[in-house]
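# Structural description and commentary
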Amino acid sequence: MPEVLTFVVNGERRSLEVEGRTLLVHALRDGLGLTGTHIGCDTSQCGACTVLIDGRAAKSCTLLALQAEGAEITTIEGLAAGGELHPIQRAFVEHHGLQCGFCTPGVILTAADLLSRDPVPTDETVRHALRGNLCRCTGYQTIVESVQAAGAALREVPAS
Amino acid sequence: MIPAAVRYARATDLDHALALLAAPDAKALAGGQSLIPVMKLRVVRPALVVDISRLELRGAEIRDDVLHIAPLTTWRELLDASALERQGLAAIAECVRGIGDAQVRNRGTIGGSIAHADPASDMPAVLLALGASVVARSPEESRTLALADFFLGPFTTGLGPHELLVDLTVPLPEAGSGSAYVSVEHPASGFALAGAAALSGPAGERVALTGVGATPFLLPAGEPSEAIAAVEVYGDSFAPAEYRRHLAAVVAERALEAARRRAKEDV
């Protein structure tokens, strides 16, 4: 039995029909065509599907779409403003924070949540915060460096 | 993986939630960090999920020397709760920091975790050591259960199908008490192979274990290693029973040492 889900995605109010069992990640990818949110493990382990729900990182594969009724969702597509990469995205490019890029949308959104609470995270803090995001390419060192560089960059620009 | 077909209802208040839960095969959905994964595996196939996450059952506060934690408080909210900044309560935040990952802590709730009753979940050990109780509400009545009587088996509790947790209570440890939580985790799942919480103070010491048996449990008084030698311990391919027993004694000792040290510190 389809129900109507209404929420705000990347600043835009959206409505779509979903089933009770539809997962948020499928509503975003199949319903709204936002395929930057990746499905990696589908067992709540890898974090590739991470999005921001009301500013806080969450795994969109571990949420029924209807749980997000009325919420503000940010996906990776919502970070870059007017064709300009977000400072976190820029830092990942500059510090080689990705190789294949599959995990990157989730890593960046988890980092956005972390940096909104702690703009100057230590190495240990970054690693603890990213525990729910698996990367099989980089060995994490460059990801940690990218997140810290992004924190520094965000301190220089006014919050968007 | 997609859950089996299920109806979804959003509860607007507690009475509404209890009325919805009276339907056959209804299941309460809080943060969903335990329930959704098992629904995706189709291990659990409710006919109706009742989303209780919008009920006003959030936050931690101290009233009359009792810490009240509302069951829909997320792990993240607990980490930010000033009510936990007390000498004898350090084990709670220490435990929360190690639960799941940042995304899970943002959504997962303490009440959902307790009601799910995973035998390896961390927080039950801490709440047992601190002597916590839960308050359950049904359409007919409200009742209080000591947490020590709440866990009946793996994923099985004394909560009735039409009951919801409405409060978790922890008596404040008396002055000069300290508490700690120490675990050894499975490196992939993050669940405890063995976890121990300890409370040490003028009134004595208590140690509770998780991850080693059918439910989290309080150790009988006495030397932890001797008490652990006498209890039934689960084994699996990751951690055979004898290894788990060894780990349990190690984490119990470490938790006790940390709790005793904290009992002597001023905060």
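Keep in mind that what you see is a predicted model, and the values were worked out from it rather than measured.

Basis of the calculations
Residues numbered from 1 in each chain as written. Chains lettered and ligands numbered in written order. Predicted model: local features only at pLDDT ≥ 70, side-chain atom pairs only at ≥ 80, totals over all residues. Heavy atoms only, no water. Axes fitted to C-alpha atoms, helices over the stretch in contact; angles between N-to-C directions. Helix = DSSP H or I, 4+ residues; strand = E, 2+ residues; numbered from the N terminus. Parallel < 35°, antiparallel > 145°, perpendicular 65-115°, else oblique. Left-handed = near helix turned anticlockwise from the far one by under 90°. Contact = heavy atoms within 4.5 Å. Nonpolar A, V, L, I, M, F, W, Y, C, P; charged D, E, K, R; others polar. Core = buried A, V, L, I, M, F, W, Y, C linked by side-chain atoms within 4.5 Å. Buried < 20%, exposed > 50% of the residue type's maximum accessible area, 1.4 Å probe, protein only. Domains from an automatic or database assignment. Pairing = 2+ DSSP bridges. Buried area = accessible area lost by both parts, 1.4 Å probe. Salt bridge = Lys/Arg side-chain N within 4 Å of Asp/Glu carboxyl O. Polar contact = N/O pair within 3.5 Å; in protein donor to acceptor, adjacent residues only side chain to side chain. Phe/Tyr/Trp six-rings, centres within 6.5 Å; stacked < 30°, edge-to-face > 60°.

## Description of the packing of helix α2 (residues 87-94) of chain A against helix α3 (residues 104-117) of chain A
All names here are of chain A. For the pair α2 and α3, interaxial distance at closest approach is 10 Å and the crossing angle is 125°. As judged from the angle between their axes, α2 and α3 are oblique. Relative to α3, α2 is oriented so that their crossing is right-handed. Residues Ile88, Gln89 and Phe92 of α2 form the contact with α3, whose own contacting residues are Thr104, Val107, Ile108, Ala111, Ala112 and Leu115. Of the residues assigned to the contact of α2 with α3, the class counts are seven nonpolar, two polar and no charged.

## Some remarks on the nonpolar core
In summary, soluble globular proteins display a tendency toward joint burial of nonpolar side chains. Ranked by internal contacts, the top residues of the largest apolar core, which has 39 residues, are B:Leu67, B:Ile92, B:Ile110, B:Met123 and B:Val126. Secondary-structure elements contributing two or more residues to this core are β5 (66-69), α3 (75-79), α4 (90-97), α6 (110-116), α7 (123-129), β6 (133-137), β10 (164-171) and β12 (192-201) of chain B. Here this core takes six residues from α7(B), the largest share from any one element. Split by domain, this core shows at least three residues from each of two domains, domain 2 (60-171) and domain 3 (178-265) of chain B. The contacts of B:Met123, once residues within four sequence positions are left out, are B:Trp75, B:Ile92, B:Cys95, B:Val96 and B:Ile110. Residues A:Val25, A:Ile73, B:Val6 and B:Leu35 belong to the second largest nonpolar core, which totals 31 residues.

## Observations concerning the sheet that holds strand β14 (residues 217-218) of chain B
Remark on secondary structure: sheet strands pair via backbone hydrogen bonds, oriented parallel or antiparallel. Residue and element names in this part refer to chain B. As summarised here, the arrangement of the four strands in space is β11-β12-β13-β14, forming an open sheet in which the pairing is antiparallel. Single-partner strands in this sheet number two, and they are β11 (178-185) and β14. Bridging between β12 and strand β13 (residues 204-210) involves seven bridges; their strand directions are antiparallel. Residue pairing in the sheet places Ser200 in a bridge with Glu205 of β13. Along the sheet, helix α9 (residues 241-264) contacts β11, β12 and β13; its crossing angle with β12, the most-contacted strand, is approximately 30°.

## Comments concerning the interface of chain B and chain A
At the junction of the two partners, chain B supplies 36 residues and chain A supplies 33 residues. When chain B packs against chain A, close to 2600 Å² is buried across both sides, 50% of that on carbon and sulfur atoms. Together, B:Tyr8, B:Gln103 and B:Arg107 form the three largest contributors to the area buried by chain B at its contact with chain A, with a combined 24%. At the surface where chain B touches chain A, the tally comes to three salt bridges. In this assembly, chain B and chain A are joined by 19 residue pairs in polar contact (both at pLDDT 80 or more). Elements represented by at least two residues in the side of chain B that touches chain A include exactly β1 (7-10), α2 (35-40), β3 (48-51) and α5 (102-107) of chain B. Of the residues forming the side of chain B that touches chain A, the biggest block, six residues, is contributed by α5(B).

## Considerations on the packing of aromatic side chains
Residues and elements named next belong to chain B. Taken as a whole, this structure holds one aromatic pair over all chains when the rule is applied. Measuring from ring centre to ring centre gives 5.3 Å for Phe150 and Phe151, while their planes differ by 80°; the resulting arrangement is edge-to-face. One exposure class covers both Phe150 and Phe151, and it is buried.

## Comments concerning the side chain of B:Asn106
On the secondary structure map, B:Asn106 appears in helix α5. With relative accessibility at 12%, the residue B:Asn106 sits in the buried group. At a separation of 2.8 Å, a polar atom in the side chain of B:Asn106 contacts the side chain of A:Asp113. When residues no more than four places from it in sequence are discounted, the contact partners of B:Asn106 are A:Arg56, A:Ala57, A:Asp113, A:Arg117, B:Thr74 and B:Arg76.

## Quick word on unusual backbone geometry
Residue and element names in this part refer to chain A. Here Ser44, not a glycine, exhibits a phi torsion of approximately 65°, which is positive. Tracing the backbone through its elements, the reader meets Ser44 in the loop between α1 (24-31) and β3 (50-53). Of the residues examined, Ser44 reaches a relative accessible area of 15% and is grouped as buried. The residue Asp54 is not glycine, and still its phi comes out positive at about 50°. Structurally, the position occupied by Asp54 is in the loop between β3 and β4 (56-59).

## A short note on the domain arrangement of chain B
One widely used convention gives an interface's size as the accessible area the parts lose upon coming together. Residue and element names in this part refer to chain B. Under the domain assignment, chain B is made up of domain 1 (7-51), domain 2 (60-171) and domain 3 (178-265). Counting residues at the interface gives eleven residues for domain 1 and 14 residues for domain 2. For domain 1, the biggest contributors to the area lost against domain 2 are Leu14, Leu18 and Gln33; these three give 46% of the whole. Between domain 1 and domain 2 we count one salt bridge in total. Between Asp15 and Arg137 there is a salt bridge, with its nearest N and O atoms 3.5 Å apart.

## A look at the pattern of salt bridges
Between side chains of opposite charge, a pair can form as their charged atoms come close. Residue and element names in this part refer to chain A. Tallied over the full model, the rule gives 16 salt bridges over all chains. The salt bridge involving Arg127 is made with Asp123; its shortest N-O contact spans 3.7 Å. With Arg127 and Asp123 both in helix α4 (residues 123-129) and four residues apart, the pair spans about one turn of that helix. Overall, the relative accessible area of 37% leaves Asp123 in the partly exposed class.

## A look at the environment of B:Gly213
Residue and element names in this part refer to chain B. Note on placement: Gly213 falls in the loop between β13 and β14. On the accessibility criterion, Gly213 (7% relative accessible area) is buried. Placed 22 residues apart in sequence, Gly213 and Gly235 show a C-alpha to C-alpha distance of 8.7 Å. With near-sequence residues (within four places) excluded, Gly213 lies in contact with Pro119, Glu232 and Tyr234.

## Brief notes about the side chain of A:Lys59
Tracing the chain through its elements places A:Lys59 in strand β4. At a separation of 2.8 Å, a polar atom in the side chain of A:Lys59 contacts the main-chain carbonyl oxygen of A:Ser44. Side-chain polar atoms of A:Lys59 contact the side chain of B:Asp101, separated by 2.5 Å. Residue contacts for A:Lys59: discarding those within four places in its chain leaves A:Ser44, A:Gln45, A:Gly47, A:Cys49, A:Thr50, A:Gly132, B:Asp101, B:Gln103 and B:Val104.

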